[in-house]
Structure formats: structure tokens, C-alpha cells
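# Structural overview
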Amino acid sequence: MLKGTFSIAAFALASMFAPFSYAQTPTPAQIQMFKSLPADQQQALANQYGVSLPSGASQPSSFENPKVVDARPATNETEQSTRGPEDDAQAQTGLKRFGLDLFAGSPSTFAPISDVPVPADYTVGPGDEIVIQLFGKENTTNRLRVSREGVINFPSLGPVQVAGMTFSEVRDSLNQRVREQMIGVRSDISLGEMRTMQIFVMGDAYKPGAYTVSALTTISQAIYYSGGFSESGALRNVQLKRNGQVIRKLDMYDLLLRGDARNDVRLLPGDVVFIGAVGNTISIDGEVNRPAIYEIKSGETYKQAFQLAGGFTANAYRDQIEVKRYAAKGGRDLVTLNFTQSHDQQIKVKDGDTVSVPTKSEELTRFVQVEGDVRHSGFLEWKPGLRIADLFQSVDTAFKSTADVNYAVVVREINAQRDIEVFQLNLAKAILAPNSEDNLQLHSRDRVLVFNRLSNKGIDSLLEVDEKAKSFEQAQQQAQEQIQQEEQDLSAATSTVTGKEVRMMWQGEEVTPEQIQDLKQNTRSSLLAPVLLKLQQQSRLGLAPQIAEVTGEVKYPGRYPITPRMKVSDLLEAAGGLTYGAFTINAELARSVINNIDERASIDIERIDLRKAIQGDVNNDVIIVGRDRLNVLQKPNVKLQSTVMLQGEVRFPGSYTVRQGETMSELLERAGGLTEFAHPMGAIFTREALRLQEQKLLNQYAADMRAETAKKTFRADSNLGSVVSDPEKTLAFIEEASRSKALGRMVVQLNRILKHDRSADFMLEDGDFLFVPTFRNTVSVMGEVQVPITYLLDNKLEVDDYLNKAGGAKKQADEDRIFVVRADGSVYKPTSGYWFGNNNQELQAGDTIVVPIDTDYRDALSTWTAATQILYQTGVAINALK
């Protein structure tokens, strides 16, 4: 018994792992029998038939039917060499012939697929296996093969003729015989292995030839086994030939597009599936659901053609369908179809037509656009009667915290040329008082611009530095920052510098650069820029650009669009209103006036009382016309509160507001004077106006030196001293000099000022800075000496004594140009002695002795004695301050 079981299992294994040409699939019973064997016997059978069992298990977990079709290669050399006009058109348009991809495969085996459900109308024939399970009084299973004569040998019943009968007829007949002839026995009839047969797929198939297939194979399945259609195969001309006669024609479009499989009949042994050559085709591209190249039959209309393409997409423009058609004498004609007309739908298609369905315009209609500093910008549906208040639910929730709810504009297109007109409104009034004129009724395509309360200049305004001043530069920077903080508007954005990290702060919270950029995009200047450009472009003869400008003491100076019957008060509202320093009694309205006789333009200046204009006085609240310019003047002396910083050894240091004409002595008296540690002779005083002037001179001097270097580099005369031998080093020196930053320092004699010497006293200006250092009883030596060093002041010593203490001058030192820089910034040059003998000027605390370089020592420095002095004086000043 075991031996018999082993033999059956061997047969099952042979069935499972036999080459695909064997074309037999193991039955479930055989698989189950193989699984029931011990692991060593399974492995022995596997070794015998040269197969390997799945790793990690003693038996295979599942068995699949052989794969009969592989993916078709990307390029077929034979077909590539025989490309036709249709292929070239396909390559140009990028379209593929419809349906080819579905069958695009390459047959890998002739093995049939036999584990599919058997239909009831299946005709039983020789080679089929009938499985009869008996139960009841007798329990057996018989697997009976239909012989070539069409009979099965049923044990106990004898031969039974089944060939030519459908499977349902065979099942009913056998069940009836069992009931009638075998008392107490019932039966269950099923179909086991089905017969195989050989059919032919010929014509324009991908791989024509003979195929061994299942008896259930239909025409479409046979084509699939053969790899599908070739590039020249016709999907709409498939013929089934039997005994040389065409017994059925199959249009694959019926199957693919409508699911109609009535003509997709099952094959019989020896049948020939013939695929004809492709005939007429058209290409349909654009807004259709299935853009492709389609085969057409004679007499088909464009309505039918678009049905093949799946119909139009939602955005197809059917009024103007473009058809390119080959003309009889060459070239192509253009035919335009209006598919909304039934006549155009019935136009017959022609071979080679190229159809393009355009897209509808994406431009929105019936909308209102909201832009700017709102919570939700974008497009909203327009309906008749829509007003401003309908767009925004609440003043608190509809706008961002920076929004200016007192001023907004509506940009409206007024004609087919898209010319615009601008309306001004108050958002708060429009929402809170719906019956007000500000609740403007909107038209379709209106744009509502909502601005913020900022300006680009205000957003970029400030840098915060929070650290204690440890040097003159730090003290000066901290002082300037303190002044800016005092003048800062509460709504302005700030930046905080911590080390090298810059953090942008807005209303006490850190914001990203993207958020800062968003703030800039919603300012008046940014949002109105395209509106002003459009107004400028639509001006014409007799119509000036509808733009007015307001300058001076308003919150947002600039150019603004003129709205219908715009008045001076409206222009002021657009500019954010007047500032604190505005002079309201007398403003100037400049207007261009054209002489009608000679068409010369002149400027007419009109005086406006802004107080009366705001109150609605008709004589002052005049109508604004194109190119008007309103200049709001500043109150006299309103900004004369100059700010001066005192730092260092001052009893009460800090920022002081000074009156016009106030002097340094008066300010020091207000500040409590100096401390007992102060060094008034070393006081450092800077003035912004002087710094700008000095910086301009330094830059100009550097430019002159560059030009002189270029001249001497190319000069070739007998005077070798006039030629620069190493221009690179010279230019490097010039660049170093040009990087020197001017301090704007002015020499002040603070000791005389404290003694109320009126000749030394002076009036203060805005931005002045005074730094009083701590007293240092030292004298420094620097420059071309052996060891630059600082010594305590000794009244017995002179300049030459300090030079000797520094090791003397170097070889390249210019001993004739030694000078002394006082602590207050003044400079004097010793004039006698060895080196100066009895010098009549004594050294004082904080003085610095400078030994300059001999400018003739280096060829590259032959003409820059003054530059050396500038560099040394700048370095000495900075060194003294530190």
C-alpha cells in the first residue's frame, strides 16, 4: 500500500515539476497526497526529478499555473526596421493605437491554463476527465478519461457515451444512472483535467504560430497567448476560420469598449485565428477621456469616433474642434467642427484624420477676489446684490492683526479692454454699518485690496543689541539703538541680534523671514503697484493718469489711485492720515494746467487748510484730478528736539533731548558734570555730519589712489621712480586704506568747557555723541619702533626718552615726521631736540607718540604719504578709545 502511495506521489511530483511542454497541472488530490508523505520521501522525489522544494518548509505551500505570457520587449528590431507612416505619426503625437497595450505580451510556453471554472455548456470530448464521487452505500472516487470513441468506462455501469454532450447534460445523465442502477448510492459529478488542443494564430499576430491550448480557449484568449497584435495588426478585423471557411468575425472594440463577447466563441481543434492588417485610422488627442489612435470602419461618423475615445472631458471646448485632413492633391486641409451642432456630429471620418479637442478657457467668471491682509484670501462666488459686508463676517475674525480696516480699495473692470476704475472705502464702516455708502455693491470680477498698517521701510527698520558697552564702538552703537527704540512705532517689526544670530520679532513674538515677506507684500506700495501701472497705461489724450501723490507729513506718503469724485480728505485717508508733525493750516496742492491755445503745461499751486478740508469745507476739500500732488508741510520747529548721547564718566549718562541752540556746557550741567575718575582731556566727541563728510573724502581718496596706481603701472619713461613695480601690493594697500571707517570725531577741549570758557563751548546737534573715558596716566608709543609699548606718564621725560624706552626707531622709520596724538584727538609735531631737544610742548596723560613709516622705503608706497597718515591716525584714535 505504501509503495502504491509513493508511486502516485511520484506521479504528482512529476506533474508539478515537469517541463511546461508537458502541459499538465497536478490535481488537488495529487498535491494533497504529496503533502502527506514524510519529509525524507518528499525530498527523495524532488531529487529524482531534479527539482528543489521551497526553503524553510518540507513541502510546497502553493502551486500556480505556468506563466504563459511575458511582457513584450520595449523595442522590436524587426518592427523597428519596417516602420510605416502611421508609426511616424504616432511618434510625433505621442499617441498609441488603442487596445494594443492590453494584449502586449510575449508567449513563454505552450502550456494551457486548466484550473478555470468549467461552464455548464462546455462540450465534453475525447481527453476530458470526468470525476465521479460515490457516497452512501458505496464510497469511492472514480477518475474516468473520455476515450477517443467518446465513451467512459464506468465501473459497475459499463461504457457510457459522453462525447458531444454538454457538461451539464453529462452530469444529469450520470446522476440519473447512479440513482436508477445503484441502489443506496448517490453521486457528485465534476470535470477533472480537460483536454488540450492545437490551434493556429496567424496573420498580423505578435508571434504567429501553432499553440497548444485548453479546450475552453476563446478567440481573444488565443490572441493573448500569441503575444497580442503586431504593430500592423487590426483589432477590428479578427476572423475565426474552420476548415477553410470564415465562421465568425470578432471586432475587439466590441469587447474592449462595450463588453460584448458574443463573437468571442470557444475554439475547436485545428481552428485558425486570423488577424488582418490594420486599415483606416484616425488620431484623437486633447480633451477626450482616451486620447489614442483608433481604427475606423467605412461610414463611421465623428459622433461614433468620439464614443470610441470615451467622450469628452469636462473642460473640452466642443465649439471649435480642430481636424487636420489629407487633401486629394497633397498637403492638409483644416476642418473645424462645432460639436454642439448635430450636423457636424454626422460628418464622416476619413483615414488619416488628426483630431484635436481644445481646452476651455480656465479664466474664472462670476467671482470676486479678495487680496491682502485678510485671514482667507482668494476667490469667492459673485451673486447679484453682493456687497462688501457679505465678504467678511466680522472685523475681529476676517482680518489679520496688522490690517488697516479704515482704508481699502475695490478695483473694477469697466469695459472689454479691461480698463479699471478704483473705489475707496472704509472696511470697518462697511461691516458695522451695512447701510453706509462704504458697503459698496460689488460687480463680477471685482478685486478687493486690504492693506496692512505698515510700510516696507518700517518693517526693515530696527536692530536690537542688548549688551553692556565695553568700548567706544559698542557704546556708540548702543546709544544709536536707544534713540531708535525711543522713536520706534509700536507696530513696527524689529530684529534682535544675539552674537551672529538675527531673530525677527513682531509684537513681542519671533517670526520667520517668510512671515516678514508676507507683511511686505500686503503694504500699500506693494498691493497698489500693479493698479497704478494699469492706470498709467490706460491714460490717453485728454485723460491724465488717474493717480495722485501725497508727500510730507502723512503716515504713508506715496502715489494713490484716484477714485470717483475723490477729495483732499479722501486722499489723506488713503495715505493713513496726518502725522503728529503735520502743519494743517497751510498745505500745498500742485496741479498741472494745460493751456488750450498753445498746449503748454504749467503748475498751479493752491493753498489748502487741512483742518477745514477734513471737516468737509467745499472751498478746501477740493476734488482731486489726475497728476495732483498734495504736500503736507511740517509744523515749524516740531522736530527740533535733538537727541545727544553722553557716555562714560558722566554722573548721569544717557540720552538727552536738547533744545535748539543748547551748548555742551549747559548739557553737562544738566547731566551733573563729570565723575572724579573722568579724563576730560581724553573726551571723544563725534558728529554724524562730520562722519559722513570724512567717509566721503576717504572713499574719494581711495578712488584717486587706484587711478594713480593704474597710471604708474603702464608708464614707461626714464624716471624709474614714477613706475609702480608691484601694483598688486599697492592695490592691496589701497584696499586696506579704503576699508578705514570714518569716525566723524571733532576735537573738543572739555576742560575749558567745564570752566565756562565760551570760546571752547559750542552748540549741539542731533545725533552728537560724547564719550568721557576713565583717567589713564599713560603715554603710548606706536608705529615703526622696536617694541610698541605704553608707559606711565613721567613729566621729566620727553618724546625721545619714550622712543628710547621703545627700543628706538626701526630702519624704515621716518624720523623727520614723528608726531604726537593728544588724547582729545589733536595732533602736534615736535620741532627740535635730539631727536627734538628742548621741546616746548609737554606730554600729557593719554598722549600717543607715532613713528610713521618712511614712504620712500618701499617702492609700492612712493606716492601715498597722506594715506599712511590717515591710516595711522585712524588706528591711533581707535587704540586711544579702547
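Every value quoted in this text rests on a predicted model; they were computed, and no experiment measured them.

## Things to note about the overall build of the chain
If you tally the helices and strands in the chain, you get 25 helices and 41 strands. Burial analysis of the chain (882 residues in total) assigns 42% to the buried set. For the chain, long-range pairs separated by at least 24 residues make up 63% of all intrachain contacts whose partners lie at least 6 apart in sequence. Accessible surface, the chain as shown: approximately 47,800 Å² in total, 49% of it carbon and sulfur.

## A look at the pattern of salt bridges
This structure, assessed with the given rule, holds 32 salt bridges. For Arg611, the salt bridge identified is with Asp609, shortest N-O distance 3.5 Å. Across the pair Arg752 and Asp757 runs a salt bridge whose closest N-O atoms are separated by 2.8 Å.

## A word on the sheet that holds strand S36 (residues 769-772)
Overall, mixed pairing links the five strands, which are arranged S33-S32-S36-S34-S35 in an open sheet. Each edge of the open sheet carries a strand with a single partner, namely strand S33 (654-658) and strand S35 (745-746). In this sheet, S36 lies alongside strand S32 (residues 642-648) in parallel orientation, the contact comprising four bridges. Bridge pairing links Gln647 to Phe771 in S36.

## As for the pairing of strand S30 (residues 601-608)
The pairing of strand S29 (residues 587-594) with S30 spans eight bridges and is antiparallel. Residue Ala587 lies in a different strand from S30, and its bridge partner there is Ile608. Hairpin geometry of S29 and S30 is characterised by an intervening segment of six residues between the two adjacent antiparallel strands and by a positive phi of about 55 degrees at Glu599.

## Some words on the packing of aromatic side chains
Counted under the stated rule, the structure contains 13 aromatic pairs. Pairing Tyr407 with Tyr560 gives two aromatic rings, centres 6.4 Å apart and planes at 80 degrees, and the pair type is edge-to-face. Highlighted residues: Tyr407 in strand S20 (residues 403-413) and Tyr560 in strand S28 (residues 558-561), separated in sequence by 153 residues. By relative accessible area, Tyr407 is classed as buried at 1%. Of the residues examined, Tyr560 reaches a relative accessible area of 2% and is grouped as buried. Between Phe685 and Phe762, the ring centres sit 5.0 Å apart and the planes meet at 70 degrees, which makes this aromatic pair edge-to-face. A residue pair is termed long-range when its members are at least 10 positions apart, and Phe685 in strand S34 (residues 684-686) and Phe762 in the loop between helix H23 (750-754) and S36 qualify at 77 residues. There is no split in this pair, since Phe685 and Phe762 are both buried. The rings of Tyr302, Phe306, Phe312 and Phe339 are connected pair by pair, giving a single aromatic cluster. The side chain of Lys805 reaches across the aromatic face of Tyr791, ending 5.6 Å from its centre.

## A look at the pairing of S33
As judged from the five bridges shared by S32 and S33, these two strands associate in the antiparallel manner. In the sheet register, Val644 faces S33, and the bridge partner there is Tyr656. Connecting S32 to the antiparallel partner S33 that follows it, the hairpin turn spans five residues.

## Considerations on the sheet that holds strand S3 (residues 129-136)
Read across the open sheet, the three strands follow the order S4-S3-S7; overall the sheet is antiparallel. Looking along the sheet, the strands with just one partner apiece sit at the ends: strand S4 (140-145) and strand S7 (185-191). Within this sheet the neighbouring strands show an average axis-to-axis angle of 20 degrees, counted without direction. Here S3 pairs with S4 via six bridges, running antiparallel. When the bridges of S4 are listed, Ile132 appears paired with Asn142. The strands touched by helix H6 (residues 167-181) within the sheet are S3 and S7, with S7 carrying the most contacts at an inclination of about 165 degrees.

## A short note on the environment of Leu646
Looking at the element boundaries, Leu646 is found in strand S32. You can call Leu646 buried: its relative accessible area is 0%. C-alpha separation for the pair Leu646 and Asp768, spaced 122 residues apart in sequence, amounts to 8.8 Å. Setting aside residues up to four positions removed in sequence, Leu646 forms contacts with Pro653, Gly654, Tyr656, Leu667, Leu668, Ala671 and Leu770.

## What about the side chain of Glu287?
Mapped onto the secondary structure, Glu287 falls in the loop between strand S13 (281-286) and strand S14 (292-295). Look at Glu287: it is buried, it has no salt bridge, and the nearest opposite charge is Lys360 at 10.0 Å. A distance of 2.9 Å separates a polar atom in the side chain of Glu287 from a polar atom in the side chain of Thr313. Within the local environment of Glu287, its side chain forms a polar contact with the side chain of Thr359, the two groups lying 2.9 Å apart. Apart from residues lying up to four places away in sequence, Glu287 is in contact with Phe312, Thr313, Asn315, Ala316, Val357, Pro358 and Thr359.

## What about H6?
Here H6 spans 21 Å end to end across 15 residues, near enough to the 21 Å set by a 1.5 Å rise per residue. Along H6, the residues that are buried comprise Phe167, Val170, Leu174, Asn175 and Val178. Taken around the axis of H6, the buried residues stretch over an arc of 125 degrees, which confines them to a single face. In this structure, the buried side of H6 is in contact with S3, strand S5 (151-154), strand S6 (158-161) and S7.

## Let's talk about the nonpolar core
Core analysis: the biggest nonpolar cluster contains 44 residues, and Ile219, Phe229, Val273, Ile284, Tyr302 and Phe306 have the highest contact counts within it. Leave out the neighbours within four places in its chain, and Tyr302 touches Val323, Arg325, Leu337, Phe339, Asp344, Gln345, Ile347, Lys348, Val349, Asp353 and Val355. Ranked by size, the runner-up nonpolar core spans 35 residues in total, among them Val550, Ala574, Ala582 and Leu589.

About the criteria used
Residues numbered from 1 in each chain as written. Predicted model: local features only at pLDDT ≥ 70, side-chain atom pairs only at ≥ 80, totals over all residues. Heavy atoms only, no water. Helix = DSSP H or I, 4+ residues; strand = E, 2+ residues; numbered from the N terminus. Buried < 20%, exposed > 50% of the residue type's maximum accessible area, 1.4 Å probe, protein only. Contact = heavy atoms within 4.5 Å. Areas by Shrake-Rupley, 256 points an atom, 1.4 Å probe, with all protein chains shown as cover. Salt bridge = Lys/Arg side-chain N within 4 Å of Asp/Glu carboxyl O. Pairing = 2+ DSSP bridges. Phe/Tyr/Trp six-rings, centres within 6.5 Å; stacked < 30°, edge-to-face > 60°. Lys NZ or Arg CZ within 6 Å of the ring centre and 35° of its normal. Axes fitted to C-alpha atoms, helices over the stretch in contact; angles between N-to-C directions. Lys, Arg positive; Asp, Glu negative; His and termini not counted. Polar contact = N/O pair within 3.5 Å; in protein donor to acceptor, adjacent residues only side chain to side chain. Expected span 1.5 Å × (residues − 1). Arc of directions from axis to C-beta. Core = buried A, V, L, I, M, F, W, Y, C linked by side-chain atoms within 4.5 Å.

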